[in-house]
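Architecture at a glance
Next come the chains, spelled out residue by residue.
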Amino acid sequence: MDFDEILAKCGNSHRYQYLLLGLYSLLMFVTSIHNFSQNVIGFVPDHWCYHEQLEHRNFSQIAAIYNQFEKPSCTRLTTIDFDGGNATTVSHDRCDRWIYDYDYGYRSMNTELNWVCDEAYKAPVGQSFFFVGSMCGTLIFGFLGDKIGRIKALILANFFGFLGDFSTIFTDNLIAFSITRFISGLAIDANTYLMFILVLEYVSPSLRNTGLSMSMGVFYCLGMICSSVLAVWVGHWKKFLLCSSLPLLLVIFFYFLVQESAQWLVTRNDVDGAVRRLQRVAKINRKSISESDINAFRSYCQKSQENKQEQDKFTDLLKTPHLRKTFFQMLFVFMIITVCFNIMSRNVEGLGISPFIMFSLTALTLPISGIVQANIQNRIGRKGSSVSATLLTGVFTAASGIVLSLCKDSSVFLVVSLNLISRFGISVCLGSTLLFSTELVPTCVRSRGLSLAHVAGAAASLLSPYILHLGTYYRAAPSIILCLMFFTCAYVCLLLPETANRKLPITLAEGEEFGKRDRMFDFLRSSRKKSNLKDELEPETCEKLTSS
């Protein structure tokens, strides 16, 4: 009796599974606030150099005075006309004090430490260490997950997230800020994917698809919206970090609520421990498993260990010419999409609308994008959905860049609409890429291959704060760079084989032969044939074909 069979007897769609999905939803809500905390604490509102003659003027009058200069936020004035029409002279001294037009009264770290103008580079430098931490944390906690168990590694990862965010409250210089953001970044990815593995193991496929989609789409979206609401409500970046970091400690209670991975325990030759966990699941689900079922499961585990053959090593993948090329192409696509997603989800300033509102609007695209992505992939396959999504997102990103660069007084509605469409597109791209990448890597090296992809994506994301920072010099610079990256990514996707409705590779030998004879545009012909078949077949026959 294998694991799936004994889990069915313990219950795979009952109370414990709903508890798991509920805890995973809570985790997605909490970690989404943590993941984007560095953006919220770094929002920079409209600002101008302080002058004593401006103390009794409103922000519209101050903006009108400074807008006649090339760099209104960083230009220092000596004296100002009484009517406020024109500044008499411009000082060559650096500005050391600013007037801030706070969004909803929220005071960010950048405004409190005056990390603007000549010192605006400090925030991107410090935030880049967040992604360095993510890269290291993925490796460290992935290793710990295999050594000490998923639950303990999950708790440790979220504790480091709490420690990093809480410590950031007490920073007042670049070095301390960089260290604390590195610690906070250690939790990224590891704080969710370890729980994701546990849900996949204990939840039935039918409940898994709906439950995980709801958790990742809806609750991650709610977390992003609540981060904006929380920041406006507390009004200060230190209070925001305090309120957003404390919920991460709730994960400690997962130790008492979530059962350790039974399959992992079997790989550690702890069959008794795996049986105890399964019995607890059965007890929670109010099911009973017989002693004969337990003995059958023990026998299966023992035979599996005895018949275990030497597995393919990940390094052997590098010896297979076709699979090696496919893997590195997949790795390139994964890196590009990860970088683009990090840039676009964080690029919420300078659009003529409050970053808090833009941040919340961006979050609303996530649940819809998941539904659209699933429908597109069912209709035109993995390759077709990835290529079309990256191309269209690149087009709309280019359009927003053109509007920002050519139209100085562009419509806020137009700019925001183009950016929201682009954000919707990158969400579809990310979901398509995650599934496409998973299916391309053979089963025998899939976990190691995807771990490397996540590490590579985190490493490439180091560039995202600096690409965003280019927008302070030229507003359209991030959009132009993103457009080029999307078009390059679409071309590389065309080189990859289609995976939809095909037997996926399990061994390296199968991976070497998979898609070897595919041509660049074969996916168009196959999707057209599939559409014609559906039109010709009877509804019942068509249903059987698509489900097989």
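The structure presented is a predicted model; accordingly, all values stated were derived computationally and were not measured. (Residues numbered from 1 in each chain as written. Predicted model: local features only at pLDDT ≥ 70, side-chain atom pairs only at ≥ 80, totals over all residues. Heavy atoms only, no water.)

**Section: the overall build of the protein**
Secondary structure summary: the protein contains 25 helices and 4 strands in total. The buried share among the 548 residues of the protein stands at 50%. Sequence separation of at least 24 residues holds for 79% of the intrachain contacts in the protein that already meet a minimum separation of 6. Per element, the accessible surface of the protein, about 26100 Å² overall, is 61% carbon and sulfur. (Helix = DSSP H or I, 4+ residues; strand = E, 2+ residues; numbered from the N terminus. Buried < 20%, exposed > 50% of the residue type's maximum accessible area, 1.4 Å probe, protein only. Contact = heavy atoms within 4.5 Å. Areas by Shrake-Rupley, 256 points an atom, 1.4 Å probe, with all protein chains shown as cover.)

**Some points on the side chain of Q259**
Checked against the element boundaries, Q259 lands in the loop between α12 (254–257) and α13 (262–267). Its relative accessible area of 9% is what places Q259 among the buried residues. The contacts of Q259, once residues within four sequence positions are left out, are Y16, I151, L198, Y202, R277, R280 and V281.

**Considering the environment of S167**
By secondary structure assignment, the location of S167 is in helix α7 (residues 150–168). When the C-alpha atoms of S167 and L242 are compared, they prove to be 9.4 Å apart, with 75 residues separating the residues in sequence.

**Quick word on the packing of helix α17 (residues 321–346) against helix α22 (residues 477–495)**
For the pair α17 and α22, interaxial distance at closest approach is 10 Å and the crossing angle is 150°. The angle between α17 and α22 falls in the class roughly antiparallel. In the crossing of α17 with α22, the sense of the turn from one axis to the other is left-handed. Contact with α17, carried on its side by Q329, F332, V333, I336, I337, V339, C340, I343 and M344, involves L482, M485, F486, T488, C489, V492, C493 and L495 of α22 and no other residues of that element. (Axes fitted to C-alpha atoms, helices over the stretch in contact; angles between N-to-C directions. Parallel < 35°, antiparallel > 145°, perpendicular 65-115°, else oblique. Left-handed = near helix turned anticlockwise from the far one by under 90°.)

**Let's talk about the packing of helix α6 (residues 122–147) against helix α8 (residues 174–185)**
As a packed pair, α6 and α8 sit with axes 7 Å apart at the nearest point and diverge in direction by 30°. In terms of orientation, α6 and α8 fall into the roughly parallel class. Helix-helix and strand crossings are classified by hand; for α6 and α8 the assignment is right-handed. Listed contacts from α8 to K122, A123, V125, G126, Q127, F129, F130, V132, G133, S134 and C136 of α6 are L174, F177, S178, R181, F182, S184 and G185.

**What about helix α4 (residues 59–66)?**
Turning to α4, its buried residues number three or more, namely I62, A63, I65 and Y66. Buried residues along α4 cover an arc of 160° about the axis, so they all sit on one side. Relative to its buried face, α4 has exposed residues pointing more than 90 degrees away, namely S60 and A64. Contacts from the buried residues of α4 go to β1 (46–49), β2 (76–77) and β4 (98–101). Between the side-chain oxygen at the start of α4 and the backbone nitrogen of S60 there is a gap of 3.2 Å, and the oxygen is on N58. (Arc of directions from axis to C-beta. Polar contact = N/O pair within 3.5 Å; in protein donor to acceptor, adjacent residues only side chain to side chain.)

**Some thoughts on the nonpolar core**
If you look at the biggest cluster of nonpolar residues, it comprises 68 residues, and the most contacted ones within it are I41, M195, Y202, F240, V258, L278 and F297. In this structure, I343, V441, A453 and A460 belong to the second largest nonpolar core, which totals 38 residues. (Core = buried A, V, L, I, M, F, W, Y, C linked by side-chain atoms within 4.5 Å.)

**Digging into the state of the cysteines**
Under the counting rule described, the total for this entry stands at 2 disulfides. C49 shares a disulfide with C95; S-S distance 2.1 Å. Separated by 46 residues along the polypeptide, C49 in strand β1 and C95 in the loop between β3 (90–91) and β4 bring together distant segments of the chain. Each member of the pair C49 and C95 is classed as buried. At a sulfur-sulfur separation of 2.1 Å, the disulfide partner of C74 is C117. For the disulfide bridge between C74 and C117, the dihedral angle about the S-S bond is near -100°, and by the sign convention the bridge is left-handed. One end of the pair, C74, is in the loop between α4 and β2; the other, C117, is in the loop between α5 (109–112) and α6, with 43 residues separating them in the sequence. Note on C117: relative accessible area 22%, which makes it partly exposed. (Disulfide = S-S within 2.5 Å.)

**Some remarks on α7**
Spanning 19 residues, α7 covers 27 Å between terminal C-alpha atoms, matching the ideal 27 Å at 1.5 Å per step. What α7 keeps buried is the set R150, I151, A153, L154, I155, A157, N158, G161, F162, G164, D165 and T168. (Expected span 1.5 Å × (residues − 1).)

**Quick notes on a nonpolar patch on the surface**
Nonpolar side chains collect at one region of the surface, where L19, L26, L250, I252, F253, Y255, F256 and L257 lie side by side and expose about 750 Å² of accessible area between them. The element best represented in the nonpolar patch is α12, accounting for 3 residues. Looking at the element boundaries, L26 is found in helix α2 (residues 15–35). (Patch = residues over 30% accessible without salt bridge, like charges linked within 9 Å, V, L, I, M, F, W, Y side chains within 5 Å. Salt bridge = Lys/Arg side-chain N within 4 Å of Asp/Glu carboxyl O.)

**Some remarks on the packing of aromatic side chains**
For any two aromatic rings, the description comes down to two numbers: the centre-to-centre distance and the angle of the planes. Summed over all chains, the structure comprises 18 aromatic pairs. Considering the side-chain rings of Y16 and Y202, the 5.7 Å spacing of their centres and the 85° angle between planes classify their relative orientation as edge-to-face. A residue pair is termed long-range when its members are at least 10 positions apart, and Y16 in helix α2 and Y202 in helix α9 (residues 190–202) qualify at 186 residues. As far as burial versus exposure is concerned, Y16 and Y202 are alike and both buried. The interplanar angle of 25° and the centroid separation of 6.1 Å between the aromatic rings of W48 and F59 together place this pair among those described as stacked. Taken together, the positions of W48 in strand β1 and F59 in helix α4 put the pair 11 residues apart, joining distant regions of the chain. Accessibility expressed as a relative area gives 6% for W48, which makes it buried. One aromatic cluster is present, built from ring pairs that chain together F36, F43, Y104, Y106, Y220, F356 and F359. Taking NZ or CZ as reference, R97 lies 3.8 Å from the ring centre of Y50, over its face. (Phe/Tyr/Trp six-rings, centres within 6.5 Å; stacked < 30°, edge-to-face > 60°. Lys NZ or Arg CZ within 6 Å of the ring centre and 35° of its normal.)

**Examining the confidence of the model for the protein**
Of all residues in the protein, 89% have pLDDT values of 70 or greater, and the mean over the chain is 80. Across residues 531–548, confidence stays below pLDDT 50; counting only partners more than four residues off in sequence or on other chains, it has 4 contacts. (pLDDT = per-residue confidence, 0-100.)

**Some remarks on the pattern of salt bridges**
Taken as a whole and judged by the stated rule, the model has 6 salt bridges. Of the charged contacts, one joins E112 and K238 as a salt bridge, the two residues approaching to 3.9 Å between their closest N and O atoms. You can see E112 sitting in helix α5 and its partner K238 sitting in helix α11 (residues 237–245), a full 126 residues away along the chain. The closest approach of N and O atoms between R181 and D165, which form a salt bridge, is 3.0 Å. Placement of R181 in helix α8 and of D165 in helix α7 is noted, with a sequence separation of 16 residues between them. Comparing R181 with D165 shows no difference in burial state: the two are buried.

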